[in-house]
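# Tertiary structure, described
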Amino acid sequence: MTDPLRLGIAGLGTVGTGVVKIVQRQADLLARRCGRPIEITAISARSRDKDRGVTLSRYAWEDDPVALARRPDVDVFVELMGGSDGPAKAATEAAIAAGKDVVTANKAMLALHGQALAEAAEAAGRVLRFEAAVAGGIPVIKALTEGLAGNAIDRVMGVMNGTCNYILTRMDNAGLTYEQAFAEADGLGYLEADPTLDVGGIDAAHKLTLLAAIAYGTKVKFDAIELEGIGAITIEDIRRAGDMGYKIKLLGVAQMTGRGLEQRMSPCLVPATSPLGQLEGGTNMVVVEGDSVGQIVLRGPGAGEGPTASAVMSDVCDIARGIRVATFGVPATALEDAPPASAASPACYYLRMELADKPGALAKVATVLGEAGISIDRMRQYDHPGENAPVLIVTHKAARPDLDRALAALPGTGVVMGTPVALRIEDV
Ligand code: NAP
Ligand code: HSE
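Note that the structure is a prediction, hence the values are computed from the model and not measured.

## A closer look at the overall build of the protein chain
Per the secondary structure count, the protein chain includes 14 helices and 16 strands. On C-alpha atoms alone, the protein chain measures out to a radius of gyration of 24 Å, which is about the 22 Å that the 2.2 N^0.38 rule sets for 428 residues. Structurally, the protein chain occupies a C-alpha span of about 80 × 45 × 35 Å along its principal axes. Classification of the 428 residues of the protein chain by burial places 54% in the buried group. For the protein chain, long-range pairs separated by at least 24 residues make up 74% of all intrachain contacts whose partners lie at least 6 apart in sequence.

## Digging into the domain arrangement of the protein chain
Looking at the protein chain, the domain boundaries give domain 1 (5–104), domain 2 (150–300) and domain 3 (348–425). Distance between the C-alpha centres of domain 1 and domain 3: 55 Å.

## Brief notes about the pattern of salt bridges
If you walk through the whole model with that rule in mind, you get 31 salt bridges. The residue Lys247 makes a salt bridge to Asp172 at a minimum N-O spacing of 2.7 Å. Taken together, the residues Lys247 in strand S9 (residues 246–257) and Asp172 in helix H7 (residues 162–174) connect sequence positions 75 residues apart. Overall, the relative accessible area of 21% leaves Lys247 in the partly exposed class. Asp337 is the salt-bridge partner of Lys221, the closest N and O atoms lying 2.7 Å from each other. Within this pair, whereas Lys221 is found in the loop between helix H10 (202–216) and strand S8 (226–227), its partner Asp337 is found in the loop between helix H12 (305–321) and strand S13 (348–356), the two being separated by 116 residues in sequence. Connected via shared salt-bridge partners are Arg155, Arg259, Glu262, Arg264, Glu289, Arg424 and Glu426.

## Looking at empty space enclosed by the protein
All chains considered together, the criterion is met by three cavities of 30 Å³ or more. What lines the largest cavity is Leu168, Thr169, Asp172, Asn173, Ile238, Tyr246, Lys247, Ile248, Lys249, Gly277, Leu279 and Glu280. For the lining of the largest cavity, the elements supplying multiple residues, two or more each, are H7 and S9. Grouping the amino acids of the lining of the largest cavity by side-chain chemistry returns five nonpolar, three polar and four charged. Within the residue set of the lining of the second largest cavity, elements represented by two or more residues are H10 and strand S10 (260–271). When its residues are assigned to classes, the lining of the second largest cavity shows seven nonpolar, three polar and two charged.

## Comments concerning the packing of aromatic side chains
One pass over the structure, following the stated rule, counts two aromatic pairs. Between Tyr178 and Phe182 the ring centres are 6.2 Å apart and the planes differ by 35°, which places this aromatic pair in the tilted class. Linking Tyr178 with Phe182, this pair stays in helix H8 (residues 178–187), spanning four residues, or about one helical turn. Taking the relative accessible area as the measure of exposure, Phe182 reaches 21% and is therefore partly exposed. It is Arg240 that lies over the ring of Tyr382; its NZ or CZ is 3.8 Å from the centre.

## Quick notes on the site of ligand 1
Around ligand 1 there are 23 residues in total, and Leu12, Val15, Ser47, Arg52 and Gly304 lie nearest to it. Note that an oxygen atom of ligand 1 is positioned 2.7 Å from one of the backbone N or O atoms of Ser47. A total of 900 Å² of accessible area belongs to ligand 1 in isolation, and the protein chains cover 80% of it. Across the shell around ligand 1, the residue classes break down as 10 nonpolar, nine polar and four charged.

## Structural notes on the sheet that holds strand S6 (residues 128–129)
The six strands lie next to each other as S3-S2-S1-S4-S5-S6, forming an open sheet whose pairing is parallel. The strands lining the two open edges of the sheet, one partner per strand, are strand S3 (60–61) and S6. By the bridge criterion, six bridges tie strand S1 (residues 5–10) to strand S2 (residues 38–44) in an arrangement that is parallel. When the sheet's bridge partners are listed, Ala10 is paired in S2 with Ser44. With respect to the sheet, helix H4 (residues 86–97) is in contact with strand S4 (76–79) and strand S5 (101–104), its orientation differing from that of S4 by roughly 170°.

## Concerning the site of ligand 2
In the region of ligand 2, the neighbouring residues are Lys107, Asn161, Gly162, Thr163, Glu192, Asp198, Asp203, Lys207, Gly302 and Ala303. One of the side-chain N or O atoms of Lys107 is found 2.6 Å from an oxygen atom in ligand 2. The separation between a nitrogen atom of ligand 2 and a polar side-chain atom of Glu192 is 2.7 Å. Elements that contribute at least two residues to the shell around ligand 2 include exactly H7 and H10. Here the residues of the shell around ligand 2 sort into one nonpolar, four polar and five charged.

Parameters and conventions
- Residues numbered from 1 in each chain as written.
- Chains lettered and ligands numbered in written order.
- Predicted model: local features only at pLDDT ≥ 70, side-chain atom pairs only at ≥ 80, totals over all residues.
- Heavy atoms only, no water.
- Helix = DSSP H or I, 4+ residues; strand = E, 2+ residues; numbered from the N terminus.
- Rg over C-alpha atoms; globule rule 2.2 N^0.38 Å.
- Buried < 20%, exposed > 50% of the residue type's maximum accessible area, 1.4 Å probe, protein only.
- Contact = heavy atoms within 4.5 Å.
- Domains from an automatic or database assignment.
- Salt bridge = Lys/Arg side-chain N within 4 Å of Asp/Glu carboxyl O.
- 1 Å grid on protein atoms, 1.4 Å probe; cavity = no way out; pocket = protein on both sides within 12 Å on 5 of 7 lines; lining within 4 Å.
- Points joined across faces, edges and corners; volume = space filled by probe spheres on them.
- Nonpolar A, V, L, I, M, F, W, Y, C, P; charged D, E, K, R; others polar.
- Phe/Tyr/Trp six-rings, centres within 6.5 Å; stacked < 30°, edge-to-face > 60°.
- Lys NZ or Arg CZ within 6 Å of the ring centre and 35° of its normal.
- Near = heavy atom within 4 Å.
- Polar contact = N/O pair within 3.5 Å; in protein donor to acceptor, adjacent residues only side chain to side chain.
- Areas by Shrake-Rupley, 256 points an atom, 1.4 Å probe, with all protein chains shown as cover.
- Pairing = 2+ DSSP bridges.
- Axes fitted to C-alpha atoms, helices over the stretch in contact; angles between N-to-C directions.

As structure tokens, this is what we get:
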């Protein structure tokens, strides 16, 4: 056995405590697998006195995570505090400058600063690893970076926020309103400290941008993502989409097109019978399509103490074994600038609208769609007690700018009440 790999862990919340438990419980297993012991030498959190349900007295304590990151008895700085800036970023930078390898679960920090941090780590000859930052316990970073390294990636997509999938599933299965399902998720402790990160799609978009960088060898550009959350999804849309054979999912999609890199995080319809359509509750799923391998579906727990700590330990074990892969699969300085695609690739769309129930109303809608070059595939009008008729339309493939022109023209018909709902149907 060679020298132990010495960890300094900043952040002892859900994930940090989980990592401490694995290091303590699986010491022998880890040492056998890695060929050297893995030890914790120092820890940091906000409150030293909090009971965290694990024995911490044998580790050195630092109030300041930056001081922890610089300790000479730390080989790997494990950042599990969270937050895109502040102490997480300062301590990560300090660790790299002090010649430490870094493991983090912090998708927000990497989505905003991953490019600069990866460049700094590589310039210092260190590795910066982040398996736990995307889809929790699913080893998707390793799969994409290593297992699929021989493939050109056609598309990577997934449901990567467990909170949103839980809310949408409960609305569907239990008939809860969005507000009721949100309150239930809150009660179960699923929500981020700032829940807009979850339901606004931001958390999942952070994850998508990291996958896109690996898949396409492009610079991490979070602001290039087309982003929409689930706040406007109603029980009615979930029911109507179900009638047409679809489920609504907060779906992230990244694909390189002739028009540039497309990165979208938005509620989409997917076939109810597809793996993504059948994904229920807080579980995550990532689908990767490679030119040689075809389609790979990875499914598993996207959050929580055990699954996320398991992913952190995957990175720690790689470092212990001497496996040193560039943060995004290719050297950070070789990542390319990809122009963002100006509009999403054409797709079929689900449209729901309320129409005045009078002669010629449907014809006026069909005319507006037709003038925008949009062809109707299927249509359904529902029984209605009031004067307005709920109408569903599924279009053939249409370009989003054409659809936007049609949506802008619909109020001018005088027969469309309120604002129509338009959701993309993803070909999965
Ligand atoms: P958490 O439970 O809120 O724990 C955060 C920890 O950081 C706490 O121990 C806190 O100390 C400590 N901390 C905060 N500010 C600090 C500071 N200035 N100095 C020292 N320590 C500080 O968070 P978490 O759920 O474990 O998440 C940690 C990271 O993993 C985040 O980046 C998160 O996005 C990511 N992640 C989490 C999950 C999950 O399922 N929870 C899944 C994937 C990724 P106190 O305990 O003393 O307050
Ligand atoms: N809030 C995140 C989720 C935690 O619901 O998936 C894991 O990143």
